[in-house]
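Structural features, examined
So you can see what is in the structure, the chains are spelled out below.
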Amino acid sequence: MNPNLSDWDDDLPAEPEEAYQDLLRALKRKSGFGLFFVQCTPVEADKLIVKLPQEIPQKKIAVLRLVEAIDNLYQPVTEFIKDKQIDILLIKGLEYSLYKYEKRSFGEITEGQFSNLTSVPHILNHLNQQRERFRDDFPISFVFLLRSFSINYFIHRAPDFFDWRSGVFELPTTPEVVEQESNRLLLEGDYQEYLKLSPEQKIEKVLEIQDLLTEKLQFRESSGKFTT
């Protein structure tokens, strides 16, 4: 079943604090299986990982950090939660599986490409096919911490899995963090070092820059400083 994109838009609150509070309320209410998608930068994801257990002490929260590309999520989850009591599982790093699949240049990574491509990354094909097993075997809330790039992948290439979402929440980066990350990228901006990166690392770096540019543009527009 194809997701209703207008419904997805309704899942995304306009204000950052409102979105965060909506996420907290949803996780507090939810019991048993649930799929939550949080659109955020890696910096915001790390902040959420630290903050969430403090905000919801009544829930047992764990973090599964993926550090490389995978084709199967069911098995890592099974091994990770074995002999653990978990209510909420935060998953960070699924992008690595998409970076490996894409290996594209800067100009090809655009939102317009997603709906035109029929092939599906192995990890998303796996999630589409195994969603009933996740529901039946894991009575927990899955919270995927993802960039906007990855959210688009789920919409267009994992519609069966995404259609079971309990909510989608956008957590924009604060102006201060955007400035700090921009300065960090400038300091790291050595082209020769960039050439040494793996194809997946290059894509990750490009997407990081894209995210920051988007955030900066939004801040300028909202503050009335944007000019054409």
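I will try to describe carefully the structure that is included in this document. The model shown is predicted, which means the values in this text are computed figures rather than measured ones.

For the rest of this paragraph, the subject is the overall build of the protein chain. Scanning the protein chain from N- to C-terminus turns up 12 helices and five strands. Intrachain contacts of the protein chain at a sequence separation of at least 6 include 85% that bridge at least 24 residues. Surface summary for the protein chain: the accessible area is close to 12,300 Å², and the carbon and sulfur share equals 49%.

The next thing to look at is the packing of helix α7 (residues 122-137) against helix α8 (residues 148-157). With their axes 11 Å apart at the nearest point, α7 and α8 run at an angle of 50 degrees to one another. The orientation of α7 relative to α8 falls into the category oblique. Crossing of α7 against α8: the hand is right-handed. Across the interface between the two elements, Leu124, Leu127 and Asn128 from α7 touch Tyr153, Phe154 and Arg157 from α8. Residues that form the contact of α7 with α8 fall into these classes: four nonpolar, one polar and one charged.

Okay, the nonpolar core next. Counting 35 residues, the largest nonpolar core has Phe37, Leu73, Leu89, Phe142, Phe144 and Phe154 as the members making the most contacts within it. By residue number, the principal contributor to this core is α8, which donates five residues. Dropping the residues within four chain positions of it, Phe154 is found in contact with Phe37, Leu94, Leu124, Leu127, Leu146, Pro159, Phe161 and Phe162. Formed by 20 residues, the second largest nonpolar core is a distinct cluster that contains Phe36, Leu48, Ile49 and Ile88.

Tracing the backbone through its elements, the reader meets Val120 in the loop between α6 (111-114) and α7. You can call Val120 partly exposed: its relative accessible area is 28%. With residues up to four places along the chain from it excluded, the contact list for Val120 reads Tyr101, Asn125 and Arg157.

Bringing the sheet that holds strand β5 (residues 165-170) into the picture now. One open sheet accounts for five strands, arranged β2-β3-β4-β1-β5; its pairing is parallel. If you trace the sheet from one side to the other, it starts and ends with β2 (61-65) and β5, each paired once. Sheet twist, expressed as the mean angle between neighbouring strand axes with direction ignored, is 20 degrees. In this structure, strand β1 (residues 34-39) lies alongside strand β4 (residues 141-146), joined through six bridges in parallel fashion.

For the rest of this paragraph, the subject is the pairing of strand β3 (residues 88-92). With five of five residues buried, β3 is to be regarded as a mostly interior element. Alignment of β2 against β3, held across five bridges, turns out to be parallel. Paired with Arg65 across the bridge in β3 is Lys92. Each parallel crossover has a hand, and for β2 linked through helix α4 (residues 74-81) to β3 it is right-handed. Strand direction decides the pairing type here: β3 and β4, joined by five bridges, are parallel. Considered in β4, the bridge of Leu89 is made with Phe142.

Here is what the cut-offs are and how they apply
- Residues numbered from 1 in each chain as written.
- Predicted model: local features only at pLDDT ≥ 70, side-chain atom pairs only at ≥ 80, totals over all residues.
- Heavy atoms only, no water.
- Helix = DSSP H or I, 4+ residues; strand = E, 2+ residues; numbered from the N terminus.
- Contact = heavy atoms within 4.5 Å.
- Areas by Shrake-Rupley, 256 points an atom, 1.4 Å probe, with all protein chains shown as cover.
- Axes fitted to C-alpha atoms, helices over the stretch in contact; angles between N-to-C directions.
- Parallel < 35°, antiparallel > 145°, perpendicular 65-115°, else oblique.
- Left-handed = near helix turned anticlockwise from the far one by under 90°.
- Nonpolar A, V, L, I, M, F, W, Y, C, P; charged D, E, K, R; others polar.
- Core = buried A, V, L, I, M, F, W, Y, C linked by side-chain atoms within 4.5 Å.
- Buried < 20%, exposed > 50% of the residue type's maximum accessible area, 1.4 Å probe, protein only.
- Pairing = 2+ DSSP bridges.
- Right-handed = clockwise from strand over helix to strand, strands pointing away.

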